[in-house]
Amino acid sequence: MTIDATAETFDKDVQGSMTVVDFWAPWCGPCKMMEPVMQKLEKQYGDKIKFVRMNVDGNQEIAQRYKVMSVPSLVLFKDGQAKEKVTGYYPEAKLAHYFERKITE
């Protein structure tokens, strides 16, 4: 199940072997397109990847910490450390391929 992170819980929420944080905003059109894609991928990869969402509205300090300049942005964490960021809308197949590569690294 996707975790809705807050500023208070964020550092704890990204702990784990692999976590993907979806930085989004309610006014963002591409974020709305990305939401069902992320829900499908969570069903597929939820046993290997922790899925977290962070609404950038009201959480600018966390977005700035990870250099999130536009949404949607996905930040991949391994063992609690940010490793990579992808920005913009990605189709399901492309993100699935990305997740497969990251799981096998």
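Residues numbered from 1 in each chain as written. Predicted model: local features only at pLDDT ≥ 70, side-chain atom pairs only at ≥ 80, totals over all residues. Heavy atoms only, no water.

The name an unreviewed UniProt entry gives the protein chain is Thioredoxin, with Limosilactobacillus agrestis as the organism. Listed in UniProt under the heading Sequence similarities (unreviewed entry), the comment for the protein chain reads: "Belongs to the thioredoxin family." (UniProt positions renumbered as here; feature names shortened; annotations may be inferred.)

(A) Up close: the pattern of salt bridges. Applying the stated criterion across every chain yields a total of eight salt bridges. Measuring nitrogen to oxygen at the nearest pair gives 4.0 Å for the salt bridge that ties R53 to E35. Of this pair, R53 sits in strand 3 (residues 50-55) while E35 is found in helix 2 (residues 29-45), placing the two residues 18 residues apart along the sequence. Residue classification places R53 among the buried residues on the basis of a relative accessible area of 16%. Residue E105 is joined to K78 by a salt bridge in which the shortest nitrogen-to-oxygen separation is 3.5 Å. Highlighted residues: E105 in the segment after helix 4 (92-104) and K78 in strand 4 (residues 73-78), separated in sequence by 27 residues. (Salt bridge = Lys/Arg side-chain N within 4 Å of Asp/Glu carboxyl O. Helix = DSSP H or I, 4+ residues; strand = E, 2+ residues; numbered from the N terminus. Buried < 20%, exposed > 50% of the residue type's maximum accessible area, 1.4 Å probe, protein only.)

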